[in-house]
Amino acid sequence: MSHLFGPVPSRRLGVSLGIDLTPQKACTLNCLYCECGKTDSLTLERKEYVPTDEVIGELREYLSTGPELDAVTFSGSGEPTLHSGVGDIIAFLKREFPQYRVVMLTNSTLLHLPEVRAALMPADLVIPSLDAVSDDVFRKINRPQSALSSAQLIDGLAAFCAEFTGEIWLEVFLIPGINDTPEELALFRSVFARLRVDRIQLNALDRPGAVHWIEPMPRENLEAIAHDFGPPVEVIGKPMVRRRCASFSENTRDRLVATLRVRPCTLDDLAASLGLHALDAGKYLDVLIGDGVVEQQRGERGVFYRVR
Ligand code: SF4
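None of the values given here were measured: they were computed from a predicted structure.

Participant: I'd like a description of the overall build of the chain, backed by residues and values.
Facilitator: What the chain contains, in helices and strands, is 10 helices and 12 strands. What you see for the chain is a C-alpha radius of gyration of 19 Å, in line with the 19 Å of a compact globule of 308 residues. Burial status across the chain gives 42% buried among its 308 residues. The long-range fraction of contacts in the chain, counting pairs at least 24 apart against all pairs at least 6 apart in sequence, stands at 72%.

Participant: Give a description of the environment of F74 that names residues and reports values.
Facilitator: Among the structural elements, F74 can be located in strand β5 (residues 71–74). According to the C-beta neighbour criterion, F74 is buried, with 25 such atoms within 10 Å. Between the C-alpha atom of F74 and that of L4, which follows or precedes it by 70 residues, the distance is 9.4 Å. Excluding anything up to four places from it in sequence, F74 contacts I19, L21, P80, V86, M104 and L105.

Participant: Can you lay out the nonpolar core for me, pointing to particular residues and giving the numbers?
Facilitator: Core analysis: the biggest nonpolar cluster contains 79 residues, and I90, V103, M104, A123, V172 and L174 have the highest contact counts within it. Per-domain counts for this core show at least three residues from each of domain 1 (4–243) and domain 2 (249–307). Apart from residues lying up to four places away in sequence, L174 is in contact with N179, D180, L202, A204, M217 and L222.

Participant: Account for unusual backbone geometry, naming residues and giving values.
Facilitator: Note: most peptide bonds trans; most residues except glycine with negative phi. With an omega of 5°, the peptide bond between P231 and P232 qualifies as cis. With phi around 75°, S108 is a residue other than glycine that occupies positive phi space. Mapped onto the elements, S108 comes out in the loop between β6 (102–106) and α3 (114–120). Backbone geometry at R143 places phi at a positive 40°, although glycine is not the residue there. Its place among the elements puts R143 in the loop between α4 (135–142) and α5 (150–163). In this structure R143 comes out as partly exposed when scored by C-beta crowding, with 18 C-beta atoms within 10 Å.

Participant: An account of the site of the ligand is needed here, citing residue identities and associated values.
Facilitator: Residues in contact with the ligand, as listed here, are C27, L29, N30, C31, C34, C36, T39, G78, E79 and N107. Residue composition of the shell around the ligand, grouped by class: five nonpolar, four polar and one charged.

Participant: Tell me about the domain arrangement of the chain, and please be specific about residues and values.
Facilitator: According to the domain assignment, the chain contains domain 1 (4–243) and domain 2 (249–307). With four residues, strand β1 (residues 4–10) is the single largest residue contributor to the side of domain 1 that touches domain 2. Grouping the amino acids of the side of domain 1 that touches domain 2 by side-chain chemistry returns six nonpolar, five polar and four charged.

Participant: Outline the packing of helix α9 (residues 267–274) against helix α10 (residues 278–290), supporting the account with residue identities and numerical values.
Facilitator: Running from N to C, α9 and α10 cross one another at 110°; their axes reach a closest spacing of 9 Å. In terms of axis orientation, α9 runs roughly perpendicular to α10. Of the two elements, α9 crosses α10, and the hand of that crossing is right-handed. Across from L267, D268, L270, A271 and L274 in α9, the residues of α10 making contact are A278, A281 and G282. For the contact of α9 with α10, the class distribution of residues is six nonpolar, one polar and one charged.

Participant: Quick one: what's the story with the sheet that holds strand β9 (residues 199–203), residue by residue and with numbers?
Facilitator: Overall, mixed pairing links the eight strands, which are arranged β1-β2-β5-β6-β7-β8-β9-β10 in an open sheet. Each edge of the sheet is formed by a strand with only one pairing partner; in this case those strands are β1 and β10 (233–235). This sheet shows a mean twist of 25° between the axes of neighbouring strands, independent of strand direction. As judged from the two bridges shared by strand β7 (residues 125–128) and strand β8 (residues 167–173), these two strands associate in the parallel manner. Note on β8: the bridge partner recorded for V126 is I168. Sitting on the sheet, helix α7 (residues 219–229) is in contact with β9 and β10, with an inclination near 165° to β10.

Parameters and conventions
Residues numbered from 1 in each chain as written. Predicted model: local features only at pLDDT ≥ 70, side-chain atom pairs only at ≥ 80, totals over all residues. Helix = DSSP H or I, 4+ residues; strand = E, 2+ residues; numbered from the N terminus. Rg over C-alpha atoms; globule rule 2.2 N^0.38 Å. Buried ≥ 20, exposed ≤ 12 C-beta atoms within 10 Å, placed from the backbone. Contact = placed C-beta atoms within 7 Å. Core = buried A, V, L, I, M, F, W, Y, C linked by C-beta atoms within 7 Å. Domains from an automatic or database assignment. Near = placed C-beta within 6 Å. Nonpolar A, V, L, I, M, F, W, Y, C, P; charged D, E, K, R; others polar. Axes fitted to C-alpha atoms, helices over the stretch in contact; angles between N-to-C directions. Parallel < 35°, antiparallel > 145°, perpendicular 65-115°, else oblique. Left-handed = near helix turned anticlockwise from the far one by under 90°. Pairing = 2+ DSSP bridges.

Right, here's the structure in full:
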């Protein structure tokens, strides 16, 4: 299953099967906080990064077994709307497996394109991101492909919100000292007023990002900002309790701990040695860090995980 990963216990979506449509790592942005590391291909080119038929074939094979899932989610290690076949894949899911909730995570940068907005229309839930309103903060936090601007992103997002009839949860990732200044928060407030969304969720770093110097925002600060904004702004939920995820494999957890007992590893080392998708390995690490079993430490090759 080279284009699917999980199911993983997602903190927002429950038990979620992931679909990864871009190679590691093609994206329109190179966000400071990206858990998938640095963007290798910073691009706006929409194309068939992986064969659409292959993805549909894998989904048909997997979903025909009737797995218990809360969501089938386009996320992965890059921007899913860069894939030119994303609309065909969503349409296939809604036609042949309508019982599953189809969720799209997008960084919003291509929503100004009518064909991208049209491709997402059959989805049940879209979670677009907006991390900055002013262009200088956008460049600082999201480090976009040079032709992009925050104004274009916001106009595309507003157009999408006006057209889409499903649910929209806007995600805002906050980094202390970068996009939490009173000026930027005031700009966010004015943009939120323009957007028809069901929820606005504030998120913060809980695993190492693409650069080592960014700090996680303390939960109490996030809560204070959410309180100031008022509904529908809320703080994103804590990681899902793993007992609720039938797909959480104690065996995988044990293999991961056993590997880390031998030597500290980076996320990529772990994923490669256990044959997991990096995002799968990351979800297990979230649980193990939350349980106090594993800790992180920065080394020469990046962030290493080891048993406490
Ligand atoms: S966080 Fe998302 S949008 Fe940002 S660089 Fe990573 S994959 Fe791209």
